[in-house]
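Structure assessment
So the chains spell out like this:
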2 protein chains.
Amino acid sequence: MTQTKIPATPTIRRLPSYLHIIKQAQSEGTEYISGTVIANELNLEPIQVRKDLALTGITGKPKRGYPVGELICAIEHFLGWDTPKKAVLIGAGNLATALSGYQEFKYHGLNFVAAFDTSADRIGKTIHDVPIFALDELAAKVKELEVTIAVLTVPSSQAQQTAETVVQAGINAIWNFTNTKLKVPDHVAVQREDLTSGFAMLSVMISGSIQTND
Amino acid sequence: MTQTKIPATPTIRRLPSYLHIIKQAQSEGTEYISGTVIANELNLEPIQVRKDLALTGITGKPKRGYPVGELICAIEHFLGWDTPKKAVLIGAGNLATALSGYQEFKYHGLNFVAAFDTSADRIGKTIHDVPIFALDELAAKVKELEVTIAVLTVPSSQAQQTAETVVQAGINAIWNFTNTKLKVPDHVAVQREDLTSGFAMLSVMISGSIQTND
């Protein structure tokens, strides 16, 4: 994987919101949607939306906007959401249970096929129909089930050690819900989900500097 | 609250990561930290980090960097994290349980004082020492406990209706973990936590376009 800086990060983070609005428009029978309509829904500048969408390769028609069907396909393709992916949950506690029940992920090709834990109380049970196995079985199951993504929901104190087990099991993509910055080999992609950054946004809004309604 | 566009959103989202690194440096006895060190940790451009930190009003010294203690205070003050806030969890399921057990929030002044649910199975119990009440009691408890934030973790289908109950109870800040874009009065701040946007990042990384290790 090429190691590049990521100027497009905010764009990529915004695309799912665009997709949500465009799909809603489609379900209401709309054939074309303008960047301005999307921008107004999300309290963004229209120029920003047009720049973001340009990344997907689709251009709008003057006075009509973007063709809704094509735009949906282009965004989903850009995000890789048109390719189904198998994922495992590492840690089978409350957060893993919440994530495994989150329907939206399935629509984006993310399928949880197994969960792993070290607690005897949990092993052998299921969370939202996802079977829980012992962490020792990870490598075998990853191979058997052709898993490509691990979602890390263990306590932060166990994060690094567990991440190493995940990498040794042959997984190259980690969605990290712990508070730990993981040290992993260069070929492993890590996305850290930092819940405090959302709280930062809310705090600043409350303190009166900005407001958003997205 | 003034209705303004939010050019600083990505900056605000990055500040908690900076804070985490700077606090770690402090715990190791470091007195000054450079923007470049922070940038390298997070795979960002140093100019980006310096611009972001300028927003907090602290400037670095040439060749030494930022004074660690001052910088921590400035970021926490900018984010409003130096003021404790009382929050309630609306919905007391798996996600609420996970959030109530997340220690990091306490360090940032976010205190969960109560949870609310409509399920008789849950009312009267606790999640991580947070008592669960009937949703009917929300308005009274908000007044009694001086709550300013509601964290919405109900199913998306109940999100709008529940948000209205929250607003009627006198809460002006909603942290929305549902998939619904809430319609609320202008004076109510809403931060939507969109987990699919993190998955979008990971998907694009896997598809090989970009890589990050934050």
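Throughout, a residue's number is its position along its own chain's written sequence, starting from 1. Labels are handed out in written order, letters beginning with A for the chains and numbers beginning with 1 for the ligands. Thresholds applied to this predicted model are a pLDDT of at least 70 for local features of residues and 80 or more for the giving and counting of side-chain atom pairs; totals over whole chains, interfaces and linings are not thresholded and use all residues. Computation of side-chain values covers all heavy atoms of the structure but excludes hydrogens and water.

After a rotation of 180° and a shift along the axis of 0.0 Å, chain B superposes on chain A with an RMSD of 0.0 Å. The transformation just described matches what one would write down for a two-fold rotation axis. Closest approach to the rotation axis within chain B is made by the C-alpha atom of Asn94 of chain B, at a distance of 2.4 Å. Same-surface contact between copies: 100% of interface residues of chain B are shared with the interface of chain A. A least-squares superposition brings the copies together, and it is based on the C-alpha atoms of residues with pLDDT no lower than 70 in both. Only heavy atoms enter the contact rule, under which two residues are in contact if any of them lie within 4.5 Å.

Turning to the sheet that holds strand β3 (residues 85-90) of chain B, a few remarks are in order. All names here are of chain B. The mixed open sheet is built from seven strands, whose spatial order is β5-β6-β4-β3-β7-β8-β9. Bordering the open sheet on either side are β5 (126-127) and β9 (189-192), each of which pairs with just one other strand. Strand pairing follows a simple DSSP-based rule, namely that at least 2 bridges must link the two strands. Here a helix means four or more residues in a row that DSSP labels H or I, a strand means two or more in a row labelled E, and each is numbered from the N terminus. By the bridge criterion, four bridges tie strand β8 (residues 173-176) to β9 in an arrangement that is parallel. Each bridged residue has a counterpart across the sheet, and for Ala173 the counterpart in β9 is Ala189.

We now examine the environment of Lys141 of chain A. Residue and element names in this part refer to chain A. Along the chain, Lys141 falls in helix α7 (residues 138-145). By relative accessible area, Lys141 is classed as buried at 15%. As for Lys141 and Ala114, which are separated by 27 residues in sequence, their C-alpha atoms are 8.3 Å apart. Residues in contact with Lys141, not counting those within four places in the same chain, are Phe116, Phe133, Glu146 and Val147. Think of it in three bands: with a 1.4 Å probe and only protein chains considered, a residue is buried below 20% of the maximum accessible area for its type, exposed above 50%, and partly exposed in between.

This part takes up the pattern of salt bridges. Salt bridges, as used here, are contacts in which a Lys or Arg side-chain nitrogen is within 4 Å of a carboxyl oxygen on Asp or Glu. In total, this model carries eight salt bridges over all chains according to the counting rule given. The partner of Arg122 of chain A in a salt bridge is Asp117 of chain A, with the nearest N and O atoms 2.9 Å apart. Classification of Asp117 of chain A by relative accessible area gives buried; the value is 8%. Arg14 of chain B is paired through a salt bridge with Asp52 of chain B; the nearest N and O atoms lie 2.7 Å apart.

On to the interface of chain B and chain A, then. Facing 67 residues of chain B, the contacting portion of chain A comprises 67 residues. Summed over both partners, the accessible surface that disappears when two parts come together, traced with a 1.4 Å probe, is what is meant by buried area. Roughly 7,000 Å² of surface becomes buried between chain B and chain A when both sides are summed, with 60% attributable to carbon and sulfur atoms. If you look at where chain B meets chain A, you find zero salt bridges. Two N or O atoms count as a polar contact when they lie within 3.5 Å, although within protein this holds only if one can serve as hydrogen donor and the other as acceptor, and sequence-adjacent residues are included solely when both atoms are side-chain atoms. At the surface where chain B touches chain A, the tally comes to eight residue pairs in polar contact (both at pLDDT 80 or more). Of all the elements in the fold, those that place two or more residues in the side of chain B that touches chain A are α1 (9-27), α5 (94-100), α6 (103-107), β8, β9 and α9 (195-206) of chain B. Here the term charged refers only to Asp, Glu, Lys and Arg, the term nonpolar to Ala, Val, Leu, Ile, Met, Phe, Trp, Tyr, Cys and Pro, and the term polar to all other amino acids, Gly among them. Here the residues of the side of chain B that touches chain A sort into 33 nonpolar, 22 polar and 12 charged.

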